[in-house]
Amino acid sequence: MISISLCMIVKNEEDVLSRCLNSIKDVVDEIIIVDTGSSDNTKKIAKNFTDKIYHFNWCDDFAKARNYSFSKATKDYILWLDADDVILPKDVKLLKSLKNDIDKNTDIVMMKYNMGTNDDNTPSLSYYRERLIKNFKNYKWVGRIHEVITPTGNVIYSDIAITHKKIHISDPLRNLRIFEKMIEENEKLDTRQKFYYAREIYYSGNFTKAIEKFNEFLNEDDKWVENTISALLDLSICYNKIDDKQNEISTLFKSFEYDIPRSQTCCYIGNYFLRNNNINQAIYWYKLASTLTSNLESGGFYETDYFNFIPYIQLCVCYYKLGDIKNSIKYNDMAGKFKPNDSSYLTNKEFFKNYN
């Protein structure tokens, strides 16, 4: 059996820290908490779980803080969590099994990160993260924000999931401010940082500038395919916001130069044709979206609704516009199988009672 150090960086997490630590305390062999300047009861709560509490002077650098937390770990492997993460009982069981059975030649275990959930607690947005890392192998976090450890060595993928359950709303402009500080200090952004910088500008609502920065990223030669496809999807939204239809649709089709069609891209294309009253073309793309499957091991972001609920509910709309009520009802019913409490499905269901 391997031993595991849990390493966390925290600040003002009194609302969620106990929930997180209670979910994992029976699996790990030591808990290391690095506080970056809490003014609430975070450190007091942490003392209920560990005496290994350290202070890190915050310097707008998540990688430095995480590397500091890793430097305190003494066990075979390091597991990292954020305070608003939890490990659900079924995943605790899987993690305990992994702890017993893991091949000790394994360097990194990739685990699912369920960043969003539906009303029934099924995942709505998932992707893989480097989650369990062999200690004493000199793995380092890089990136002041959106920090990452590049998975190298003997890497395995696990079905274990970490579930993100945010309670408080974080500062929406924090990451953008850090990027702008980096630029003011003449720190050169690498290709990955250029992608995330463009995203932060997009999130802030400055669509014209976001278009400029996404295109700067897309002109880079060493960009990762998953970031490229995500950038093209976000860029298409920016073009939509400024009513540039030609660039919106061409941007979506450009994603096919990098990989096979993704369900989300197909739904975006379907939306484009539906908005422009090209219903049969919209139907084609929504149906294609519903036939595709995810490949989480690619590292991409996958929103599950784009594989089933969204194409089906949109097909309901398309067929209604064509006057085909039978198929409209059919696809609404299919959407309801995936999200039976969704307001769109329920409103449609009530509406279609008039056709019975």
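Quick note: structure is the one above.
The structure reproduced in this document is the subject of the present report. Owing to the predicted nature of the structure, the values given are computational and were not obtained by experimental measurement.

So, on to the overall build of the chain. Looking only at helices and strands, the chain features 14 helices and 9 strands. Taking 21 Å as the expected radius of gyration for a compact globule of 356 residues, we find that the chain reaches 23 Å, a close match to that expectation. Across its three principal directions, the C-alpha atoms of the chain cover 65 × 50 × 40 Å. Buried positions account for 51% of the 356 residues belonging to the chain. If you take every contact in the chain between residues at least 6 apart in sequence, the share linking residues at least 24 apart comes to 66%. Total accessible area on the chain is roughly 17,500 Å²; 47% of this is exposed by carbon and sulfur atoms. Across the chain, the 48 positively charged side chains and the 50 negatively charged ones have centroids separated by 3 Å.

The next thing to look at is the packing of aromatic side chains. Here the structure, examined in full by the defined rule, presents 24 aromatic pairs. Geometrically, the ring pair formed by Y113 and Y127 is edge-to-face, given 5.8 Å between the ring centres and 70° between the ring planes. Of the two residues, Y113 is situated in strand β6 (residues 108-117) and Y127 in strand β7 (residues 123-134); the sequence distance between them amounts to 14 residues. Classification of Y113 by relative accessible area gives buried; the value is 3%. Taken together, a centroid distance of 5.8 Å and an interplanar angle of 75° make the contact between F253 and F256 edge-to-face. Taken together, the ring pairs in this structure connect Y202, Y203, F207 and F214 into an aromatic cluster. Over the ring of W80 we find R131; its NZ or CZ atom is 3.8 Å from the centre of that ring. Positioned above the aromatic ring of F309 is the side chain of K339, whose terminal nitrogen or guanidinium carbon lies 5.1 Å from the ring centre.

The residue N186 is not glycine, and still its phi comes out positive at about 60°. Inspection of the secondary structure puts N186 in the loop between α5 (174-184) and α6 (191-204). Positive phi outside glycine occurs at D243, with the angle close to 60°. Structurally, D243 can be placed in the loop between α8 (225-241) and α9 (245-254). Residue class for D243 comes out exposed when judged on its relative accessible area of 59%.

Along the chain, D305 falls in the loop between β9 (302-303) and α12 (309-321). D305 gets classed as buried once you look at its relative accessible area, which sits at 14%.

So, about the environment of T251. Mapped onto the elements of the fold, T251 is located in helix α9. Placed 201 residues apart in sequence, T251 and T50 show a C-alpha to C-alpha distance of 51 Å. Residue contacts for T251: discarding those within four places in its chain leaves L232, L235, S236 and Y239. Polar contacts involving the side chain of T251 include one to the main-chain carbonyl oxygen of N247, which spans 2.6 Å.

Calculation notes
Residues numbered from 1 in each chain as written. Predicted model: local features only at pLDDT ≥ 70, side-chain atom pairs only at ≥ 80, totals over all residues. Heavy atoms only, no water. Helix = DSSP H or I, 4+ residues; strand = E, 2+ residues; numbered from the N terminus. Rg over C-alpha atoms; globule rule 2.2 N^0.38 Å. Buried < 20%, exposed > 50% of the residue type's maximum accessible area, 1.4 Å probe, protein only. Contact = heavy atoms within 4.5 Å. Areas by Shrake-Rupley, 256 points an atom, 1.4 Å probe, with all protein chains shown as cover. Lys, Arg positive; Asp, Glu negative; His and termini not counted. Charge placed at Lys NZ, Arg CZ, Asp CG, Glu CD. Phe/Tyr/Trp six-rings, centres within 6.5 Å; stacked < 30°, edge-to-face > 60°. Lys NZ or Arg CZ within 6 Å of the ring centre and 35° of its normal. Polar contact = N/O pair within 3.5 Å; in protein donor to acceptor, adjacent residues only side chain to side chain.

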